[in-house]
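Below are the chains, spelled out letter by letter.
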Amino acid sequence: MSTDFDVLIAGGGMVGAATAALLSAEPALARARIGLVEPRPARFPAAGDPLDLRVSALSRATEQALRAVGAWPRLAVRAPCPYERMVVWDSADEPDSRFALTFDAAELAEPNLGHIAENLAVNAALLELVAERGVPILSEELTGLELRADCACVLTAAGERRTRLVIAADGADSALRDWAGITGEGAAYHSRALVTHLRPERPHQSTARQRFLPTGPLALLPLSDGRVSLVWSTSPDQARELAACDAAKFAAAVTAASGQVLGQLEPAAPRASFPLKRFQASRYATTRLALVGDAAHTVHPLAGQGVNLGLLDALLLSRTLAEAAAAGEDIGDPGALNRYARRRQAENAVMGIALDGIARLFADPSAPVGAARRAGLGLVNRAPWLKGLFMRQALGIARGAGRVPDPAGR
Ligand SMILES: Cc1cc2nc3c(=O)[nH]c(=O)nc-3n(C[C@H](O)[C@H](O)[C@H](O)COP(=O)(O)OP(=O)(O)OC[C@H]3O[C@@H](n4cnc5c(N)ncnc54)[C@H](O)[C@@H]3O)c2cc1C
């Protein structure tokens, strides 16, 4: 069967673009015909543009992967903000109480725990790289898919294209996943995350803070211009009310909800809110198709893990396909795809269950659960080995990014 591509990536969000960048950097795939389909135009923000609303906490493992493919230095003009400490506490306590959990990069002799970076800039940097490496970016939307034993046929308004493998990176509502007949387990959280940037009265001191309220977690993430990015997960009604109310009312509400941890918080950007859900696909691969990123798994944003998990998918899939190519195997062969799928599905399922458990634990208003939760936070804080385990998990070190391809083939 003649094909137009060896690998076609559907969706050029952060994970799809990273997958394309990683594949195009694999020496074993130097001759592979790789393509990316993304209907939305990429836009790298100019140096003086205001910071976009959507930012992500990127782990050290993600930074290493972005650095190794050459995307990280391109972000410098948008100044990702390193965070050196993390403080997590229950609304019944104070952030400096013995029941608060504090992580400090210095305890692991690391320079920081990660960076808060602008989604737009990460995405555009990766797409720029992909284009420079000669990967065609098709500005089209996939409208259909047929999976055959020897190739995948994708449909766009421009016609049909054949590929030996299609990688679905088309996000949480993945149409490719549905067309491939892959189901999964998940549910809506009946919660929305309100996001905006705020100007705090007191300096953020490069610290990411999260206060667990009965209605959901409220996170204040440090930005390099001194502001903090708010991610406030709450009931849909409250999120809508907070998104629409006037600035003075919003400032009073968010300052109170933060427990005044940074003093008065002043609104300093527009507000938007996003529905929250959890989902794990029942399988990450089928005939001639693999899932990566939110198309495979969607998790609660309380630990800032979505993109980081997606990057780990991209790393393992690109490495697995490179190994298959080096061994002379067909890269759409089920053997290689299943090796990728089994490992990432198991790892992401553990993380998904853990995050869901934490979200439920902190939302439980009963007194015994509240007491157990506070004792648990205090216990982790005082048990160095347990704390180290959590910190390495947050850094992405525990799961390990593995070998990252070097575009220069070193
Ligand atoms: C409030 C909030 C805060 C978050 N904070 C963090 C954080 O701090 N850290 C973190 O790691 N994660 C965070 N996340 C999660 C993170 O945003 C997602 O995990 C991540 O954006 C998923 O990336 P993706 O590339 O898989 O999917 P998407 O970003 O959804 O990209 C999918 C792409 O596919 C394209 N597409 C869709 N359909 C088609 C089609 N038919 N044909 C072709 N292309 C198509 C779309 O145009 C889009 O560009 C947060 C999420 C939320 C809601």
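So, here's what we can say about the structure. (Residues numbered from 1 in each chain as written. Predicted model: local features only at pLDDT ≥ 70, side-chain atom pairs only at ≥ 80, totals over all residues. Heavy atoms only, no water.)

## Considering the side chain of S258
Threshold: Comment: elements are numbered from the N terminus, with helices defined as DSSP H or I runs of at least four residues and strands as E runs of at least two. N or O atoms closer than or at 3.5 Å make up a polar contact, with two conditions inside protein: a donor-capable atom paired with an acceptor-capable one, and, for residues adjacent in sequence, both atoms drawn from side chains. Whether two residues are in contact is decided by their heavy atoms, any of which lying within 4.5 Å being enough.
Looking at the secondary structure, you find S258 in the loop between α6 (247-257) and β16 (265-267). Here Q260 takes part through its backbone nitrogen, which lies 3.2 Å from a polar atom of the side chain of S258. What S258 contacts, discounting residues up to four positions off in sequence, is W89, R211, L218, L220 and L265.

## Focus on the site of the ligand
To be explicit about the condition: The rule for a residue being near a molecule or strand is that one of its heavy atoms must lie within 4 Å of it. Values of accessible area rely on a 1.4 Å probe in the Shrake-Rupley scheme; residue burial ignores everything except the protein chains shown. Three classes are used: nonpolar for Ala, Val, Leu, Ile, Met, Phe, Trp, Tyr, Cys and Pro, charged for Asp, Glu, Lys and Arg, and polar for all others, with Gly counted as polar.
Near the ligand, the surroundings consist of 26 residues, among which E38, R40, A57, D294 and V307 are the closest. Residue V307 places a main-chain N or O atom 2.8 Å away from an oxygen atom belonging to the ligand. The separation between an oxygen atom of the ligand and a polar side-chain atom of N308 is 3.3 Å. Coverage of the ligand by the protein chains reaches 84% of its 1,000 Å² of free accessible surface. Listing elements by their share of the shell around the ligand, those giving two or more residues are α1 (14-25), β3 (55-59), β12 (184-200) and α7 (306-326). Among the elements that make up the shell around the ligand, the one with the highest residue count is α7 (three residues). Split by residue class, the shell around the ligand holds eleven nonpolar, nine polar and six charged.

## Looking at the pattern of salt bridges
Two side chains carrying opposite charge are able to pair once their charged atoms lie near each other. Selection rule: By salt bridge we mean one thing: a side-chain nitrogen of Lys or Arg within 4 Å of a carboxyl oxygen of Asp or Glu. Burial status follows relative accessibility: with a 1.4 Å probe on protein chains alone, a residue under 20% of its type maximum counts as buried, one over 50% as exposed, and anything between as partly exposed.
All told, the structure shown has 23 salt bridges when counted by the stated rule. Note that D49 is salt-bridged to R43, the shortest N-O span being 3.8 Å. With a relative accessible area of 30%, D49 lands in the partly exposed category. For R43, a relative accessible area of 47% corresponds to the partly exposed category. Of the charged contacts in the structure, one is a salt bridge between E160 and R162, with a shortest N-O distance of 3.3 Å. Through salt bridges with shared partners, a single network forms among D6, R33, R164, R288 and D330.

## Describing the side chain of R211
Heads up, the condition is: Positive residues here are Lys and Arg, negative ones are Asp and Glu, while His and the chain termini are left out of the count.
Within the secondary structure, R211 is located in strand β13 (residues 207-213). In this structure R211 is buried but unpaired, with E94 as the nearest side chain of opposite charge at 6.0 Å. If near-sequence neighbours (up to four positions away) are discounted, R211 is found in contact with W89, S91, G216, P217, L218, A256, A257, S258 and G259.

## Side note on the packing of α7 against helix α8 (residues 334-363)
Quick note on the threshold: Where helices are involved, their axes are fitted lines through C-alpha atoms of the stretch in contact, as for all axes, and angles between N-to-C directions lie from 0 to 180°. Note on angle classes: values under 35 degrees are labelled roughly parallel, values over 145 roughly antiparallel, values of 65 to 115 roughly perpendicular, and the remainder oblique. By the definition used in this description, the sense in which the near helix is turned from the far one sets the handedness, with an anticlockwise turn below a right angle giving left-handed and a clockwise turn giving right-handed.
Viewed as axis vectors pointing N to C, α7 and α8 meet at an angle of 160°, and their least axial separation amounts to 9 Å. In terms of axis orientation, α7 runs roughly antiparallel to α8. Considering how the two elements wind past one another, α7 and α8 form a crossing that is right-handed. Where α7 approaches α8, its residues L309, L312, D313, L316, L317, R319, T320, L321 and A324 are matched on the opposing element by A336, L337, R339, Y340, R343, R344, N348 and M351.

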